[in-house]
Amino acid sequence: MKNCADAKRIVIKIGTSTLAHQTGRLNIQRMERLVKVIADLKNAGKEIVLVSSGAIGIGAGKLGLPEKPQDLSGKQACAAVGQCELMYIYDKYFAEYNHTVAQVLLTLDVLNRDYVINTFTRLLAMNVLPIVNENDTVAVDEIVVGDNDTLSAMVCELIHGDLLVILSDIDGVYDDDPHKNPDAALIHEIPEVNDQIEALAKGAGSKLGTGGMATKIHAAKLGIQAGFATVIMSGQQPEQLYELFAGKQVGTRIGS
Ligand code: GLU
C-alpha cells in the first residue's frame, strides 16, 4: 500500500516520551490532542489499535520517583500503578468523544494464539478501540517482548494491519545524529532496511521509554517481512496524523 490514505486497519504506537513530561507525569495537553485526533480518525472509518507505552514511566512519575527503577520488582510495581493511570485517562478522554476503549495486556507467550486474534477481531467488529501494552506487571524474561516498538509490529502482523505508525520524540530517521550534526537530514522513504540504515539507528532511548531508533527500525523490518509499511513520526504534534492520512509525506516511511 503506497499511500497512507488507503490504510484502513492501522496500529498506532505511542511512546512514553509522547505521553509524559520529563518528570514522568502525564502530558495532559498532548494526551487530549492525541485522543481527539484518534477519535476523529475512527469516526472517519479507520480501524485503529493503539499500542501505548507509559505504564512504567508514568507509574514512576506518580510515585514521585526521580527515574524508572532498574530492578524487576520495582519496574513491575511502577507498571501496576502507571497502567491504571494510563487507562483511566484514555477511558475518560475517549468517552468524551463517545468511543469505548478496551485494555489488552499481552506477553510473548500468548501472542499468536487464536484466542488473542479472535479477541482483537471481536473488539474491532464492535468498534471498540483496543489499547495494548505489554503486561509488565507479570512479564519476566521468558515471556517478555521487551519493547513496545517490537510489540506493535507483532500486533500489526497479528491483526493483518495495513500500516504501523510509531509516534516518537523524533520526527523520523535522519541520515546522521540530529542532536550532534545540525546538517543531518530527515530521510522520507526507506524502501528496505539494510546494514547502513541499521547503523544509523544505533543509540539509546529517552530517560523514560525503553527503545531508541534501533527498536523502531527492527519493528519496521518485521513489518516488511509481514507485508506492511511503518511510518516513524513525531508524536509532539498529534494533528500531523491528519496529514499522514490525507496522503501527505510525514516522517519516515519504511517499506513499500
Ligand atoms: N511497556 C512499557 C511501559 O508501558 C514500555 C515499553 C517501551 O517503552 O517500549 O512502560
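- Per an unreviewed UniProt entry, the protein goes by Glutamate 5-kinase and derives from Dielma fastidiosa.
- Looking at the Function (unreviewed entry) heading of the UniProt record, one finds this comment for the protein: "Catalyzes the transfer of a phosphate group to glutamate to form L-glutamate 5-phosphate."
- Quoted straight from UniProt, the Subcellular location (unreviewed entry) entry for the protein says "Cytoplasm".

**Re the side chain of Arg30**
Link 1 in the chain: Among the structural elements, Arg30 can be located in helix α2 (residues 28-43).
Link 2 in the chain: For the buried Arg30, no salt bridge exists, and the shortest N-O distance to an oppositely charged side chain is 7.9 Å, to Glu239.
Link 3 in the chain: Among the polar contacts made by the side chain of Arg30, one reaches the side chain of Gln236 at a distance of 3.2 Å.
Link 4 in the chain: Ignoring sequence-local partners within four residues, the contact set of Arg30 consists of Ser17, Thr18, Gly235, Gln236 and Pro238.

**Here we look at the UniProt feature "binding site: substrate" (unreviewed entry) in the protein**
Link 1 in the chain: The positions UniProt marks with the feature "binding site: substrate" (unreviewed entry) are Ser53, Asp136 and Asn148. Annotated residues spanning 96 residues; largest pairwise C-alpha distance 10.9 Å, indicating a single compact cluster.
Link 2 in the chain: Secondary-structure assignment places Ser53 in the loop between β2 (47-52) and α3 (55-62).
Link 3 in the chain: Its place among the elements puts Asn148 in helix α6 (residues 148-158).
Link 4 in the chain: Among the polar contacts listed, one links the side chain of Asn148 to the side chain of Ser53, at a separation of 2.9 Å.

**A look at the site of the ligand**
Link 1 in the chain: The immediate surroundings of the ligand are formed by ten residues, with Ala55, Ile56, Asn133, Asp136 and Asn148 found nearest.
Link 2 in the chain: Between the ligand and Ala55, the relevant distance is 2.9 Å, taken from an oxygen atom to a main-chain nitrogen or oxygen of the residue.
Link 3 in the chain: Measuring from a nitrogen atom of the ligand, one finds a side-chain N or O atom of Asp136 at 2.7 Å.
Link 4 in the chain: When the ligand is considered free in solution it has 300 Å² of accessible area, and contact with the protein chains removes 95% of it.
Link 5 in the chain: Considering only residue class, the shell around the ligand consists of two nonpolar, six polar and two charged.

Definitions and cut-offs
- Residues numbered from 1 in each chain as written.
- Predicted model: local features only at pLDDT ≥ 70, side-chain atom pairs only at ≥ 80, totals over all residues.
- Heavy atoms only, no water.
- UniProt positions renumbered as here; feature names shortened; annotations may be inferred.
- Helix = DSSP H or I, 4+ residues; strand = E, 2+ residues; numbered from the N terminus.
- Buried < 20%, exposed > 50% of the residue type's maximum accessible area, 1.4 Å probe, protein only.
- Lys, Arg positive; Asp, Glu negative; His and termini not counted.
- Salt bridge = Lys/Arg side-chain N within 4 Å of Asp/Glu carboxyl O.
- Polar contact = N/O pair within 3.5 Å; in protein donor to acceptor, adjacent residues only side chain to side chain.
- Contact = heavy atoms within 4.5 Å.
- Near = heavy atom within 4 Å.
- Areas by Shrake-Rupley, 256 points an atom, 1.4 Å probe, with all protein chains shown as cover.
- Nonpolar A, V, L, I, M, F, W, Y, C, P; charged D, E, K, R; others polar.

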